[in-house]
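# Working through the structure, step by step
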Amino acid sequence: MKNGLTSLESWKALDKHYQETRKTSIRELFRQDPLRGNSLTLNAEGIYFDYSKHRITGKTLGLLFKLARERNLEARRAAMFSGEKINTTEKRAVLHIALRAPVEASIVVDGVNVVEQVHEVLGKMQAFAEKVRSGQWTGHTGKPIRNIVNIGIGGSDLGPVMAFEALRNYSMRELTFRFVSNIDGSDFAEAVQGLDPAETLFIVASKTFTTLETMTNALTARAWTLKALGDETAIQKHFVALSTNEKEVAKFGIDTRNMFGFWDWVGGRYSMTSAIGLSTMIAIGPEHYRQMLHGFHKMDEHFRTAPLEKNIPVIMALLTVWYNNFFNAQTQAVLPYENYLKRFPAYLQQMTMESTGKYITLDGHKVDYQTGPIYWGEPGTNGQHSFYQLIHQGTKLIPCDFIGFKKSLHDLPPHQDYLMANMIAQGEALAFGKTADEVAAEGVDEKLVPHKVFEGNRPSSTFLLDQLSPENLGKLVAMYEHSVFVQGVIWGVNPFDQMGVELGKVLAQNIIAELQGETKPSKHDSSTNALIQAYLRK
Ligand code: F6P
């Protein structure tokens with residue numbers, strides 16, 4: 001059966017509506033409805049969501065909600081929450097929401113209440129985290145652990161790094177946290193720079209425990225540890241594993257009592273609340289970690305229960321579809337006005353682009369419409385002095401997400417007011433711009449007027465929260481997770497597999513053997529052959 005998205009009534013109506021309204025500016029929309037800045041907002045779970053500065057009317061929203069219903073969003077959402085195997089290409093349930101479900105909840109997959117399993121692992125993580133934090137967990141020589149190095153890549157790295165950076169202010173400052181992901185030896189070399197192996201714990205984070213980058217880094221870490229500590233038994237004290245693959249963990253030499261498990265229904269990029277969060281828990285402590293889970297859960301519940309019209313992730317996703325498919329916007333900027341969220345855009349890149357960067361639909365057809373946009377961003381105000389020029393006066397339409405907090409984590413006036421004034425001003429400038437008349441009225445030289453005009457009409461959403469806390473971080477991450485899910489439902493792609501990363505991995509394995517002289521260079525194309533030859537002429 002063909003996907004049929006573009007032949008839906010609502011899609012056709014949206015197309016027509018786009019043709020009719022595409023020339024209406026945000027300025028004009030505010031002139032027609034001066035109070036839309038109040039009405040096109042939501043206040044849910046402590047998040048004030050302003051979506052009034054978008055090129056939408058009530059009719060646009062009505063049609064987008066109709067589209068969501070025609071794509072059976074509510075039923076798809078219920079299917080995910082109930083543990084149905086909605087990741088059909090991998091025949092798996094998708095239950096990151098179970099990772100933050102309260103202990104009394106029950107979600108049954110293949111006859112097992114997975115919430116019970118989740119809390120068992122959480123308890124084990126807590127016991128371990130407390131031992132490390134209190135200095136009770138000692139290394140091979142009896143010294144307490146002071147350095148934690150997380151080795152992982154993709155979802156086994158980006159979540160832990162992002163969460164550590166985001167919650168650094170809540171972290172135990174006596175401990176040092178480093179993260180190694182890249183197969184480039186420089187990453188490992190720098191991560192262990194200055195660390196004493198006797199005080200260093202490696203967390204090997206890998207769902208599959210077969211990923212080339214992670215296994216190579218883990219073996220290097222093993223050698224680094226053994227070189228200093230001499231004895232194989234040191235591994236038990238200096239390595240723990242986060243994985244679903246007990247067999248490979250044991251093969252590596254890690255005591256499986258020091259393995260923290262998770263399950264195939266946790267996707268890598270949705271895994272930061274699984275055992276993959278161990279480094280986060282050690283950093284911020286079990287209590288803060290539980291607050292973070294609570295934040296996730298609150299947003300899960302909001303997404304699960306709020307009607308589409310009052311549902312933050314649903315509205316976010318539908319706006320993305322509106323720009324991506326009707327305005328042909330190619331990208332989505334995420335601009336946190338909170339320096340601790342500096343890795344948030346990078347984290348979102350995997351979550352969004354590995355999820356919806358697909359041209360094949362769930363039923364195996366090639367799409368005849370655009371799917372996943374490119375997510376990118378940097379914290380404000382740094383971005384303002386870098387790429388905002390293009391957002392304001394460039395030729396591309398870039399919808400922006402501004403994320404800000406009312407309170408800073410530091411009592412350093414006037415920083416916070418300056419920061420937030422900038423965020424609010426950017427949304428205003430992007431939406432309303434500055435006309436030629438307004439520029440001329442300032443006495444600007446006639447020739448310069450066109451250069452100083454801001455067309456405006458650049459859409460943005462603003463998310464305003466109280467303060468960056470573990471709970472609020474949880475809400476923000478879950479908000480994007482569910483938005484991606486909704487996007488997947490609309491586009492009819494599977495946001496939970498990632499087959500597009502496989503080919504490169506396989507080809508790299510062939511080339512590794514060639515570079516190391518194990519196999520004769522096989523016949524590649526002339527470009528690839530020449531590159532291999534050039535590399536080998538060292
Ligand atoms: O890049 C592909 C991928 O499978 C990601 O989805 C995943 O997060 C990452 O590799 C790491 O995988 P693992 O946790 O199994 O090492």
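Residues numbered from 1 in each chain as written. Predicted model: local features only at pLDDT ≥ 70, side-chain atom pairs only at ≥ 80, totals over all residues. Heavy atoms only, no water.

### A look at empty space enclosed by the protein
To be explicit about the condition: The definitions used throughout rest on a 1 Å grid laid over the protein atoms alone, on which a cavity is an enclosed set of points accommodating a 1.4 Å probe that cannot get out and a pocket is an open set flanked by protein within 12 Å on both sides along at least five of seven lines; lining residues are those having an atom within 4 Å of a point. Grid points are joined across faces, edges and corners, and a volume is the space filled by probe spheres set on the points. Only runs of H or I of at least four residues qualify as helices and only runs of E of at least two qualify as strands under DSSP, and these elements are numbered from the N terminus. As a working rule, the residues Ala, Val, Leu, Ile, Met, Phe, Trp, Tyr, Cys and Pro are called nonpolar, Asp, Glu, Lys and Arg charged, and the rest polar, with Gly in that last group.
Taken as a whole and judged by the stated rule, the model has five cavities of 30 Å³ or more. Taken as a whole, the largest cavity spans an internal volume of roughly 100 Å³. Considering the residues around the largest cavity, the lining is formed by 13 residues, among which Met 316, Thr 320, Gln 332, Asp 401 and Ser 461 are closest to the centre. Elements represented by at least two residues in the lining of the largest cavity include exactly helix H13 (312–326) and helix H19 (470–491). Partitioning the lining of the largest cavity into residue classes produces six nonpolar, six polar and one charged. Taken as a whole, the second largest cavity encloses approximately 70 Å³ of empty space. In terms of lining, the second largest cavity is formed by His 17, Thr 21, Arg 22, Thr 24, Leu 29, Arg 55, Ile 56, Thr 57, Thr 60 and Phe 327. The residue makeup of the lining of the second largest cavity, split by class, is three nonpolar, five polar and two charged.

### Some points on the layout of surface pockets
Counted as a void, the largest pocket has a volume near 910 Å³. Elements with a minimum of two residues in the lining of the largest pocket: helix H9 (212–229), helix H14 (344–356) and helix H20 (502–515). For the lining of the largest pocket, a count of residues per class yields 13 nonpolar, 17 polar and nine charged. A volume near 410 Å³ is recorded for the second largest pocket. Taken together, 19 residues make up the lining of the second largest pocket; nearest its centre are Glu 338, Asn 339, Ser 408, His 410 and Leu 419. Ranked by residues supplied to the lining of the second largest pocket, first place goes to helix H16 (residues 415–432) with four residues. Residues belonging to the lining of the second largest pocket are distributed by class as follows: six nonpolar, eight polar and five charged.

### Observations regarding a nonpolar patch on the surface
Rule in force here: Residues form patches when they are more than 30% accessible in relative terms and have no salt bridge. Like charges link within 9 Å. Nonpolar side chains (Val, Leu, Ile, Met, Phe, Trp, Tyr) link within 5 Å. Under the convention used here, a 1.4 Å probe and the Shrake-Rupley method define accessible areas, while residue burial counts only the protein chains that appear. Just to be clear on terms, a salt bridge is a Lys or Arg side-chain nitrogen sitting within 4 Å of an Asp or Glu carboxyl oxygen.
Together, Leu 515, Tyr 535 and Leu 536 line one region of the surface with nonpolar side chains, adding up to about 250 Å² of accessible area. Position of Leu 515 relative to the elements: it lies in helix H20.

### Topic: the sheet that holds strand E9 (residues 259–261)
Through backbone hydrogen bonds, the strands of a sheet pair up, either in parallel or in antiparallel fashion. Put simply, the rule is: By definition, two strands form a pair when at least two bridges between them are found by DSSP. Fitted lines through C-alpha atoms serve as axes, helices being fitted only where they are in contact, and the angles separating the N-to-C directions of these axes extend from 0 to 180 degrees. By definition, residues are in contact when any of their heavy atoms lie within 4.5 Å.
Read across the open sheet, the five strands follow the order E6-E5-E7-E8-E9; overall the sheet is parallel. Whereas interior strands pair on both sides, the edge strands pair on one side only; in this sheet they are strand E6 (176–180) and E9. Within the sheet, the average angular offset between the axes of one strand and its neighbour, ignoring direction, is 20 degrees. Both strand E5 (residues 147–151) and strand E7 (residues 200–205) contribute to a ladder of five bridges, which runs parallel. Bridged to Val 149 within E7 is Phe 202. Most of the contacts of helix H6 (residues 114–134) go to E9, to which it runs at about 145 degrees, and overall it touches E5, E7, strand E8 (239–243) and E9.

### Focus: the packing of aromatic side chains
Stated formally: Aromatic rings from Phe, Tyr and Trp, taking only the six-membered ring of Trp, are treated as a pair when their centres fall within 6.5 Å; an angle between ring planes under 30 degrees marks them as stacked, one over 60 as edge-to-face, and anything in between as tilted. Summary of the burial criterion: residues with accessible area below 20% of their type's maximum are buried, those above 50% are exposed, and those between are partly exposed, where the area comes from a 1.4 Å probe applied to protein chains only.
According to the stated counting rule, one finds 29 aromatic pairs in the structure shown. Aromatic side chains Phe 49 and Phe 463 sit 4.8 Å apart centroid to centroid with 0 degrees between the ring planes, which places their arrangement in the stacked category. Of this pair, Phe 49 sits in strand E2 (residues 47–50) while Phe 463 sits in strand E13 (residues 460–467), placing them 414 residues apart in sequence. A single burial state applies to Phe 49 and to Phe 463, both of which are buried. Considering the side-chain rings of Phe 239 and Phe 252, the 5.9 Å spacing of their centres and the 50 degrees angle between planes classify their relative orientation as tilted. Taken as a pair, Phe 239 in strand E8 and Phe 252 in helix H11 (residues 246–252) lie far apart in primary sequence, 13 residues in all.

### So, the site of the ligand
So the rule is basically this: The near set for a molecule or strand comprises every residue that places at least one heavy atom within 4 Å of it. The definition of a polar contact used here is a pair of N or O atoms within 3.5 Å, where within protein one atom must be able to donate a hydrogen and the other to accept one, and adjacent residues in sequence count solely through side-chain atom pairs.
As a structural note, the neighbourhood of the ligand is formed by 13 residues, with Gly 155, Ser 156, Ser 206, Thr 208 and Thr 211 the closest of them. Ser 156 is positioned such that a nitrogen or oxygen atom in its side chain is 2.7 Å from an oxygen atom of the ligand. Residue Gln 350 places a side-chain N or O atom 3.2 Å away from an oxygen atom belonging to the ligand. In the complex, the protein chains occlude 87% of the 400 Å² of accessible area that the ligand would expose alone.

### Topic: the pattern of salt bridges
Within the structure shown, the criterion is met by 24 salt bridges. When the shortest N-O distance is used, the salt bridge between Asp 300 and Arg 100 registers 2.8 Å. One end of the pair, Asp 300, is in helix H12 (residues 278–305); the other, Arg 100, is in the loop between helix H5 (73–82) and strand E3 (108–109), and 200 residues separate them in sequence. Arg 100 carries the same exposure label as Asp 300, and that label is buried. The salt bridge involving Arg 269 is made with Glu 354; its shortest N-O contact spans 2.9 Å. Highlighted residues: Arg 269 in the loop between E9 and H12 and Glu 354 in helix H14, separated in sequence by 85 residues. Residue class for Arg 269 comes out buried when judged on its relative accessible area of 2%. With relative accessibility at 22%, the residue Glu 354 sits in the partly exposed group. Linked by salt bridges that have partners in common, Arg 69, Glu 74 and Glu 309 make up one network.

### Description of the packing of H12 against H19
Put simply, the rule is: We call a crossing left-handed when the near helix sits turned anticlockwise from the far one by less than a right angle, and right-handed when that turn is clockwise.
Orientation of H12 relative to H19, taken along the N-to-C sense of each, is 35 degrees, at an axis distance of 7 Å. Crossing hand, H12 versus H19: right-handed. Facing H12, whose interface residues are His 288, Gln 291, Met 292, His 294, Gly 295, Phe 296, Lys 298, Met 299, Asp 300 and Phe 303, H19 presents Pro 470, Glu 471, Leu 473, Gly 474, Lys 475, Val 477, Ala 478, Met 479, Glu 481, His 482, Phe 485 and Val 486. In terms of residue class, the contact of H12 with H19 is made up of eleven nonpolar, six polar and five charged.

### Overview of unusual backbone geometry
With an omega of 5 degrees, the peptide bond running from Gly 380 to Thr 381 counts as cis. Structurally, the position occupied by Thr 381 is in the loop between strand E11 (374–376) and helix H15 (388–393). Put simply, Pro 413 and Pro 414 share a cis peptide bond, and its omega is 10 degrees. Topologically, Pro 414 is positioned in the loop between strand E12 (400–407) and H16. At Asn 72, a residue that is not glycine, the phi angle is positive and equals roughly 60 degrees. Examined against the element boundaries, Asn 72 turns out to sit in the loop between helix H4 (58–70) and H5. Using a relative accessible area of 45% as the deciding quantity, one classes Asn 72 as partly exposed.

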